[in-house]
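Summary of structural features
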Amino acid sequence: MRDARRQAAPPDGGWALVHAERAALADDLAGLTEEQWATPSLCEGLSVREVLAHLTSGASLNGVRWLAGVIRCRFDFDRQVAMRLAEQLGADAGETLGRFRRVVTSTTKPPLPVIAMLGETIVHGEDIRRPLGIRRAYPIGTLTRVAEYYQGTDMVLPGKRRIAGLRLAAEDGPFATGSGPLVSGSTLALVMAMTGRAAYCDELTGDGVEVLRERQGMR
């Protein structure tokens, strides 16, 4: 297992990968109907439009504003997320998408490593794409970086705890980690299962899948 400290910042190109994934997502969402924008995402209780607004808020929020919001919300982090999402939602779907396009090349972020911003973009991108039937052929190198990050951290999401005692192995790339009952599948499916997206467990095989499925609600 790689040292988690080495995962904290990707090599040169970290922001370039974030920007590329944001741009690809914006392009995928151009031309959606109002009905499609209202589709429930994989984030419980949020539509695809609301998840996009959440991504915009993350790209617009520096450490000072993040802390100010936390204090304003009395350390209720869910309330802070909802408040910042509402700030970026806009009057209609066109405005929501327009606001996201304006932050595609942003390097503003909360107090998180750049690799976490890349993970957020991919995971929430899938939260949006999958219910809409949109598929993206992610670069395997990008997915591998994200998988390596989540297997070694519980920051924001309990990826490390969720896969404890399991062996994960990608079938389409070099990612592999852990020991114990096997969970195998695409790197994307492993990333999404590590971050609590139960739907992707159906794409995985191995003796450890049911254990991982039972841990999907872990927070």
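All figures in this text were calculated on a predicted structure; none of them were measured in a lab. (Residues numbered from 1 in each chain as written. Predicted model: local features only at pLDDT ≥ 70, side-chain atom pairs only at ≥ 80, totals over all residues. Heavy atoms only, no water.)

**Some remarks on the pattern of salt bridges**
Note the cut-off: Here a salt bridge means any side-chain nitrogen of Lys or Arg lying within 4 Å of a carboxyl oxygen belonging to Asp or Glu. A run of DSSP states H or I qualifies as a helix once it reaches four residues; a run of E qualifies as a strand once it reaches two. Both are numbered from the N-terminal end. A 1.4 Å probe rolled over the protein chains alone gives each residue an accessible area, and that area as a share of the maximum for its type sets the label: buried under 20%, exposed over 50%, partly exposed in between.
A full pass over the atoms with the stated rule returns 9 salt bridges. A salt bridge links Asp 27 to Arg 101; the nearest nitrogen and oxygen atoms lie 3.5 Å apart. Of the two residues, Asp 27 sits in helix H2 (residues 14-29) while Arg 101 sits in helix H7 (residues 93-102), which places them 74 residues apart along the sequence. Arg 101 sits in the partly exposed class, given a relative accessible area of 39%. The partner of Glu 95 in a salt bridge is Arg 99, and the shortest N-O contact between them spans 2.8 Å. One end of the pair is Glu 95 and the other is Arg 99, both in helix H7 and 4 residues apart, which spans about a single turn. With relative accessibility at 29%, the residue Glu 95 sits in the partly exposed group. Each member of the salt-bridge network shares a partner with another, and the members are Asp 202, Glu 210 and Arg 213.

**Considerations on the side chain of Thr 142**
Condition: Whether two residues are in contact is decided by their heavy atoms, any of which lying within 4.5 Å being enough.
Residue position: Thr 142 is located in helix H9 (residues 140-151). Exposure remark for Thr 142: the relative accessible area of 5% places this residue in the buried category. Those residues in contact with Thr 142 that lie beyond four places of it in its chain are Leu 17, Glu 21, Leu 118 and Ile 122.

**Side note on the nonpolar core**
This is how it is decided: Among buried residues, those of type Ala, Val, Leu, Ile, Met, Phe, Trp, Tyr and Cys that are joined through side-chain atoms within 4.5 Å constitute a nonpolar core.
Formed by 34 residues in total, the largest nonpolar core has its most connected members in Leu 168, Val 183, Met 194 and Leu 204. Of all elements in the fold, only H2, helix H8 (114-132), H9, strand E1 (167-170), helix H11 (187-194) and helix H12 (209-214) reach the threshold of two or more residues within this core. Those residues in contact with Leu 168 that sit more than four places away from it in its chain are Ile 163, Phe 175, Ala 176, Thr 177, Val 183, Leu 190 and Met 194. The next biggest cluster of nonpolar side chains, apart from the first, holds 18 residues, and it includes Leu 25, Val 51, Leu 52 and Ala 59.

**Topic: the pairing of E1**
For the record, the criterion: Paired strands are those between which DSSP finds at least two bridges.
Bridge count for E1 against strand E3 (residues 182-185) is 4 bridges, and the pairing is parallel. Bridge pairing in E3 places Leu 168 opposite Val 183. In this structure, the hairpin formed by E1 and strand E2 (residues 176-177) is closed by a connection of 5 residues.

**A look at the packing of aromatic side chains**
The criterion, for reference: Two rings belonging to Phe, Tyr or Trp (six-membered ring only in the last case) form a pair when the distance between their centres is within 6.5 Å. Interplanar angles under 30 degrees mark stacking, angles over 60 mark edge-to-face geometry, and anything in between is tilted.
Going through the model one piece at a time under the given rule, you end up with 1 aromatic pair. Pairing Tyr 149 with Tyr 150 gives two aromatic rings, centres 5.3 Å apart and planes at 55°, and the pair type is tilted.

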